[in-house]
Amino acid sequence: MKNLLPPKFIDTHCHLDGEEFKDDLAAVVQRAREAGCTKVFVPAIDLPSCQTVMEVCNRFPEYAYPMLGLHPEEVKADWREVLDHIRHSLTSSIIAIGEVGLDFYWSREFEQEQLEAFEEQVRWSVETRLPLMIHCRKAQNEMVGILKRYAKELPGGVFHCFTGNETEARQLLEFDRFVLGIGGVFTFKKSHLPEVLPAVVPLDRIVLETDAPYMAPVPMRGQRNEPAFIRHIITRLAEAYGVSEEEVCKQTNQTVARIFSL
């Protein structure tokens, strides 16, 4: 008899501490559980969100797990002071350093500060043995340059929201303890990922994510994204890789267990 329960999966990146969820967070979590989501990983982006992330994760113990870091778009002149506060918040309950990285898409005003702040948090990963949750936009060469300096020492991590081409994917996969985070963009009509990923990225080098409340997958585009919507990403990944949805969930769950110590 066919198992009617949905396969279990993990959302490795969702901002459930955001204002967008303040009125119905419990219902969002309940829908996620019913859809098969067994865990959600919640990243901080700045000093205030370090507190709100911890509040959400304390509210849903053994379901929501915290990641702390300074997002590149939040790096300003006071970045050293901010990082000092965050560094002292890295307790044993934290599962990763994130969301960190480089973002030169909108502005290069704080380019040097971003580079230094990212490298400092990369060093935290080496020191604490916590994986990195890396955001990178219009800065892959700079990011790779920093990571190469620590490649042999880093425990691993996730290149969050990968949307690149085959060359970029191959370059990132050279960091053999890192994997690619795949979200709603995979389902977009103009996305080239359904061709790129099966061509160069083994299924065991992928983890699932929503980046909720942003980038809801087709057919939910335009709505507030939430962890339950990963079901649509799983369906499309299964089609692209020519495997079952159960296999997608099994492989991505095993990869999460390899990267994150839970």
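Shown above is the structure to which this text applies.
The following refers to the structure shown.

Calculation notes
- Residue indices follow the written sequence of each chain, beginning from 1 at its first position.
- Per-residue local features of the predicted model are confined to residues with pLDDT of at least 70, and side-chain atom pairs are confined, for both listing and counting, to 80 or more; whole-chain, interface and lining totals are unaffected and use all residues.
- The basis for every side-chain value is the complete set of heavy atoms in the structure, and neither hydrogens nor water enter the calculation.
- In this analysis, strands are considered paired if DSSP registers two or more bridges between them.
- Numbering of helices and strands runs from the N terminus, with a helix taken as a DSSP run of H or I at least four residues long and a strand as a DSSP run of E at least two residues long.
- Angular values range over 0 to 180 degrees, each being the angle between N-to-C directions of two axes fitted as lines to C-alpha atoms, with helices fitted over their stretch in contact.
- When checking whether two residues touch, look at their non-hydrogen atoms; a contact exists if any pair is within 4.5 Å.
- Residue types Ala, Val, Leu, Ile, Met, Phe, Trp, Tyr and Cys, when buried and joined through side-chain atoms within 4.5 Å, form a set referred to as a nonpolar core.
- For every residue, the accessible area (1.4 Å probe, protein chains only) is compared with the maximum for its type, and the residue is labelled buried under 20%, exposed over 50%, or partly exposed between those bounds.
- One speaks of a salt bridge when a side-chain nitrogen belonging to Lys or Arg is within 4 Å of a carboxyl oxygen belonging to Asp or Glu.
- Under the rule applied, a polar contact is a pair of N or O atoms within 3.5 Å (in protein, one hydrogen donor and one hydrogen acceptor; residues adjacent in sequence only if both atoms are side-chain atoms).
- A clockwise path from the first strand over the helix to the second, with the strands pointing away from the viewer, defines a right-handed crossover.
- Any pair of Phe, Tyr and Trp rings, taking the six-membered ring for Trp, is counted once the centres come within 6.5 Å. Such a pair is stacked with planes under 30 degrees apart, edge-to-face with planes over 60 apart, and tilted for the rest.
- Lysine NZ or arginine CZ positioned within 6 Å of the ring centre and within 35 degrees of the ring normal marks a charge as sitting over the ring.

On to the sheet that holds strand S5 (residues 132-137), then. Read across the sheet, eight strands follow the order S1-S2-S3-S4-S5-S6-S7-S8 without closing on themselves; strand pairing throughout is parallel. Of all the strands in the sheet, just strand S1 (9-11) and strand S8 (206-208) have a single pairing partner and so form its edges. This sheet shows a mean twist of 30° between the axes of neighbouring strands, independent of strand direction. The pairing of strand S3 (residues 64-68) with strand S4 (residues 96-103) spans two bridges and is classified as parallel. Looking at S4, one finds that Leu68 is bridged to Ile97.

In this section: the side chain of Glu119. By secondary structure assignment, the location of Glu119 is in helix H4 (residues 111-128). Discounting chain neighbours no more than four positions away, the residues touching Glu119 are Ile146, Arg149 and Tyr150.

Turning to the environment of Pro66, a few remarks are in order. Along the polypeptide, Pro66 turns up in strand S3. Along the backbone, Pro66 and Gly18 are 48 residues apart, and their C-alpha atoms lie at a distance of 14 Å. Leaving out residues up to four positions away in the same chain, Pro66 has contacts with Val42, Val53, Met54, Cys57, Ser93, Ile94, Ile95 and Ala96.

Quick look at the nonpolar core now. Residues Leu147 and Leu197 are the most contacted members of the largest nonpolar core, which totals 83 residues. If near-sequence neighbours (up to four positions away) are discounted, Leu147 is found in contact with Phe118, Val122, Leu132, Ile134, Leu154, Phe159 and Phe175. Listed in part, the 13 residues of the second largest apolar core include Val179, Val256, Ile259 and Phe260.

Turning next to the pattern of salt bridges. Counted under the stated rule, the structure contains 18 salt bridges. Residue Glu119 pairs with Arg123 through a salt bridge whose shortest N-O separation is 3.7 Å. Residue Glu119 and its partner Arg123 are located together in helix H4, separated by four residues, close to a single helical turn. Residue Glu119 is classed as buried on the basis of its relative accessible area of 16%. Looking at Arg123, the relative accessible area reads 30%, which means it is partly exposed. For Arg224, the salt bridge goes to Glu226, with nearest N and O atoms at 3.4 Å. A residue is classified by how much of its surface remains accessible, and Glu226, at 4% relative accessible area, is buried. Salt bridges here are not isolated pairs; linked through shared partners, they connect Asp24, Arg31, Arg224 and Glu226.

The next subject is the side chain of Asp103. Mapped onto the fold, Asp103 is located in strand S4. Residue classification places Asp103 among the buried residues on the basis of a relative accessible area of 3%. Engagement of the side chain of Asp103 in a polar contact is seen with the side chain of His135, the distance being 2.7 Å. Polar side-chain contacts of Asp103 include one of 3.1 Å to the side chain of Arg137. Sequence-distant contacts of Asp103, that is, excluding residues within four places in its chain, are made with Pro72, Glu73, Gln114, His135 and Arg137.

Turning to the pairing of strand S2 (residues 37-43), a few remarks are in order. Extensive coverage of S2 is indicated by the burial of five of its seven residues. In this sheet, S2 lies alongside S1 in parallel orientation, the contact comprising three bridges. Residue Phe9 lies in a different strand from S2, and its bridge partner there is Cys37. This β-α-β element, S1 to helix H1 (residues 25-35) to S2, shows right-handed connectivity.

Enumeration according to the criterion identifies six aromatic pairs in this entry. Relative to Tyr65, the ring of Phe41 has its centre 5.9 Å away and its plane inclined at 85°; by these criteria the two rings are edge-to-face. A residue pair is termed long-range when its members are at least 10 positions apart, and Phe41 in strand S2 and Tyr65 in strand S3 qualify at 24 residues. On the basis of relative accessible area, Phe41 is assigned to the buried category, the value being 0%. Here Tyr65 falls in the buried class, since its relative accessible area comes to 16%. One aromatic cluster in this structure is built from Phe41, Tyr65 and Phe260. Geometry around Tyr63 places Arg33 over its ring, the cationic atom sitting 4.1 Å from the centre. If you follow Arg221 out to its NZ or CZ, it ends over the ring of Phe188, 3.6 Å from the centre.

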